[in-house]
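Results of the structural survey
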Amino acid sequence: MTERILVLGISGGSCLELSLHFIKKLPLDIKLFVVPSKNAYALCRAEKKQDLKWLIGSLRTHNLEIQDSLGSPLASGSFLFESCLILPTSSNTLSRIASGIQDNLLTRIAAICLKEKRSLILGIREMPLNAILLENMAKLSSLGVCIAPPIVGYYSDVIDLESLHNFLVGKYFDLLKIPHNFFRRWEGVR
């Protein structure tokens, strides 16, 4: 059986705690490449008062690599990975992807997903949404990109931050076809 390889991009949108929860919960038999943007590093220093690489390494050391240079093997379409989730996706990153700008490893990986028809999931972290962002989301959606902002389902018994993170990470696991039991699923109205 071939090892599953996923990419988790972390851009500068404020939602780092959810990215860290994703890393912590991902099964260890899945190879994970984490690709932080320059703004993600700065945001981590501002929000968490810690170094992002150290923080990621404290959560998971097995089957994980952090890449942030265009010299990375991930910058080539010949490097095989299954899917890329960018969580959070800042409005800046989303707009650069929609415009085809490939000026860092994160936007290059998104371009590879588009050209190679690989799964690209964007956890856009912005509110409210302006017309330009909505146009860019519609454009990317029409190209097969999954636009998946971290929005909670209140039927899932969310009672604290941990259960909120479990619900949201579970929804991303569903999109990536990773089995889990992080939340109670909707059973309909009785």
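Residues numbered from 1 in each chain as written. Predicted model: local features only at pLDDT ≥ 70, side-chain atom pairs only at ≥ 80, totals over all residues. Heavy atoms only, no water.

**Structural notes on the UniProt feature "domain: Flavoprotein" (unreviewed entry) in the protein**
Convention followed: UniProt positions are given in the numbering used here, feature names are shortened, and annotations may be inferred rather than shown by experiment. For helices the rule is a DSSP run of H or I covering at least 4 residues; for strands it is a run of E covering at least 2, with both sets numbered from the N terminus onward.
The UniProt entry lists residues 6–175 under the feature "domain: Flavoprotein" (unreviewed entry), expressed in the numbering used here. From the first C-alpha to the last, residues 6–175 spans 12 Å; its make-up is 45% helix and 17% strand.

**Focus on the state of the cysteines**
Condition: Two cysteine sulfur atoms make up a disulfide if the distance between them is within 2.5 Å. The classification of residues rests on relative accessible area computed with a 1.4 Å probe and restricted to protein chains. Under 20% of the type maximum is buried, over 50% is exposed, and intermediate values are partly exposed.
The full count for this structure, using the stated rule, is zero disulfides. No disulfide involves C15; its sulfur sits 13 Å from the nearest other cysteine sulfur, which is in C44. Cysteine C84 remains unbridged, with the sulfur of C113 as its closest cysteine sulfur at 4.9 Å. Of the residues examined, C84 reaches a relative accessible area of 0% and is grouped as buried.

**Remarks on the pairing of strand β2 (residues 31–36)**
Which entries qualify depends on this criterion: A right-handed crossover is one whose linking path, passing over the helix from the first strand to the second, runs clockwise when the strands point away from the viewer. At least two DSSP bridges between two strands are needed for those strands to be called paired.
With six of six residues buried, β2 is to be regarded as a mostly interior element. Side chains K31, F33 and V35 of β2 all project onto a buried face; the interleaved residues L32, V34 and P36 project onto the opposite face, where all are buried too. In the classification by handedness, the crossover that spans strand β1 (residues 5–10), the intervening helix α1 (residues 16–25) and the parallel β2 is right-handed. Direction of pairing for β2 relative to strand β3 (residues 64–66): parallel, over a ladder of three bridges. When the bridges of β3 are listed, F33 appears paired with E65.

**Notes on helix α6 (residues 131–142)**
To keep it simple, the criterion reads: Helices are assigned an expected span. That span is 1.5 Å times one less than the residue count. What the arc covers is the set of directions going from the helix axis to the C-beta atoms.
End to end, α6 covers 16 Å across twelve residues, agreeing with the expected 16 Å (1.5 Å per residue, within 8%). Among all positions in α6, only L133, N136, M137 and L140 are buried. Down the axis of α6, the smallest arc covering the buried residues is 100°, so these residues share one side. Relative to its buried face, α6 has exposed residues pointing more than 90 degrees away, namely A131, E135 and S142.

**Quick look at the pairing of strand β5 (residues 119–124)**
Counting buried residues along β5, five of its six residues qualify, which places the element largely inside the surrounding structure. Bridge count between strand β4 (residues 83–89) and β5: five bridges; the pairing is parallel. Paired with L85 across the strands is I121, a residue of β5. One ladder, built from two bridges, connects β5 with strand β6 (residues 146–147); its direction is parallel. Bridging from a neighbouring strand, I121 pairs with C146 of β6.

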